[in-house]
Amino acid sequence: MSDKAVALSDIDLSLGRGPSRVHVLRGISLDVAKGEAVGLVGPSGSGKSTLLMVMAGLERPDSGRIAVAGTDLGGLDEDALARFRGRSIGIVFQAFHLVPTMTALENVALPLELADVPDALARAAAELDAVGLGHRLHHYPAQLSGGEQQRVAVARALAPNPAILVADEPTGNLDEATGRGIVDLLFTLKRERGATLVLVTHDPGLARLCDRTVRLRAGRVEDPVAA
Ligand code: ADP
Ligand code: MG
């Protein structure tokens with residue numbers, strides 16, 4: 001097994017069509033070690049979210065190679081990629097992205113059911129308990145506060161015990177105190193599970209909690225010496 005959680009090599013990606021086409025990622029090479037927490041920072045529009053989507057297997061690069069936990073994502077067809085994502089990659093978005101018609105419990109159980117994990121509902125209940133929401137299992141997202149919704153999203157992302165957890169400005173929609181609670185939770189669970197974390201953030205305090213910071217500028221990794 002590789003000791004790299006993520007290996008990106010010479011990733012190029014353009015998005016959009018015609019005149020709105022943008023060369024978003026320009027030759028990105030980056031390794032993330034198992035168990036590492038990497039903070040991805042850089043100006044708005046520099047490609048942070050897009051790079052995270054590539055790491056999560058939600059965007060395929062135009063060229064370059066991406067491996068997650070030793071698996072070359074380019075070698076997987078769409079079905080195999082979706083299965084791999086469900087088991088090995090947890091994603092937390094700024095805007096929570098819970099399924100509005102499902103309870104907290106059903107939201108967290110969903111990826112477990114898709115991965116054929118036995119006792120998905122019991123596991124999901126335990127995960128919600130771990131994020132302090134054991135008393136909110138049957139609430140729908142609209143009945144939960146922003147902080148509670150993000151806790152559900154964290155429980156959902158970590159429930160399958162993914163090899164990597166990626167989070168895109170997970171505190172961006174929350175007030176400072178609530179955001180701090182989410183950050184504590186993310187780092188505590190990451191440590192407990194031995195997961196790898198890649199975190200996009202504008203918050204220097206949050207970036208400092210990571211083992212290492214990677215700065216993007218105009219689709220490239222900025223030289224740490226020049227930063
Ligand atoms: P960041 O997260 O660092 O703010 P993004 O990865 O969201 O940056 O976007 C990087 C650049 O790519 C931006 O200039 C954005 O406008 C452009 N972009 C993102 N998605 C698309 C798309 N689907 N079509 C065209 N351009 C896009
Ligand atoms: Mg972004």
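Residues numbered from 1 in each chain as written. Chains lettered and ligands numbered in written order. Predicted model: local features only at pLDDT ≥ 70, side-chain atom pairs only at ≥ 80, totals over all residues. Heavy atoms only, no water.

You'll find the protein chain entered in an unreviewed UniProt entry as ABC transporter ATP-binding protein, with Methylobacterium haplocladii given as the organism. Of the protein chain, the UniProt comment under Sequence similarities (unreviewed entry) reads exactly: "Belongs to the ABC transporter superfamily. Macrolide exporter (TC 3.A.1.122) family." (UniProt positions renumbered as here; feature names shortened; annotations may be inferred.)

*Asks:* Let's hear about the side chain of E169: which residues, and what values?
*Replies:* Here E169 lies in the loop between β7 (164–168) and α6 (176–193). Among buried Asp, Glu, Lys and Arg side chains, E169 stands out as unpaired, with K48 the closest opposite charge at 5.1 Å. Residues in contact with E169, not counting those within four places in the same chain, are Q94, V200, T201 and H202. (Helix = DSSP H or I, 4+ residues; strand = E, 2+ residues; numbered from the N terminus. Buried < 20%, exposed > 50% of the residue type's maximum accessible area, 1.4 Å probe, protein only. Lys, Arg positive; Asp, Glu negative; His and termini not counted. Salt bridge = Lys/Arg side-chain N within 4 Å of Asp/Glu carboxyl O. Contact = heavy atoms within 4.5 Å.)

*Asks:* Can you explain the site of ligand 1? Please cite residues and give values.
*Replies:* Around ligand 1, a shell composed of 13 residues is seen, among which G45, G47, K48, S49 and T50 lie nearest. A distance of 2.9 Å separates an oxygen atom of ligand 1 from a polar atom in the side chain of S49. Here T50 contributes a side-chain N or O atom positioned 2.5 Å from an oxygen atom of ligand 1. For the shell around ligand 1, the elements supplying multiple residues, two or more each, are β2 (22–33) and α1 (48–55). Looking at the shell around ligand 1, the element that brings in the most residues is α1, giving 3 residues. Split by residue class, the shell around ligand 1 holds 4 nonpolar, 8 polar and 1 charged. (Near = heavy atom within 4 Å. Polar contact = N/O pair within 3.5 Å; in protein donor to acceptor, adjacent residues only side chain to side chain. Nonpolar A, V, L, I, M, F, W, Y, C, P; charged D, E, K, R; others polar.)

*Asks:* Summarise the environment of K34; cite the residues concerned and give the values.
*Replies:* Within the secondary structure layout, K34 lies in the loop between β2 and β3 (37–41). Between the alpha carbons of K34 and N161 there is a distance of 14 Å; along the sequence they are 127 residues apart.

*Asks:* Explain the layout of surface pockets residue by residue, including any values.
*Replies:* Of the pockets and cavities examined, the largest pocket occupies roughly 470 Å³. As for the largest pocket, its lining consists of 20 residues, and the residues nearest its centre are R85, G86, I89, P111 and L114. When contributions to the lining of the largest pocket are tallied by element, the ones reaching two or more residues are α2 (78–88), β6 (89–92), α3 (104–114) and α5 (146–158). At 5 residues, α2 tops the list of elements feeding residues into the lining of the largest pocket. Lining the second largest pocket are T171, L174, D175, E176, G179, R180, V183, D203, G205, L206 and L209. Among the elements of the structure, α6 and α7 (204–208) are those that each provide at least two residues to the lining of the second largest pocket. With 4 residues, α6 is the single largest residue contributor to the lining of the second largest pocket. (1 Å grid on protein atoms, 1.4 Å probe; cavity = no way out; pocket = protein on both sides within 12 Å on 5 of 7 lines; lining within 4 Å. Points joined across faces, edges and corners; volume = space filled by probe spheres on them.)

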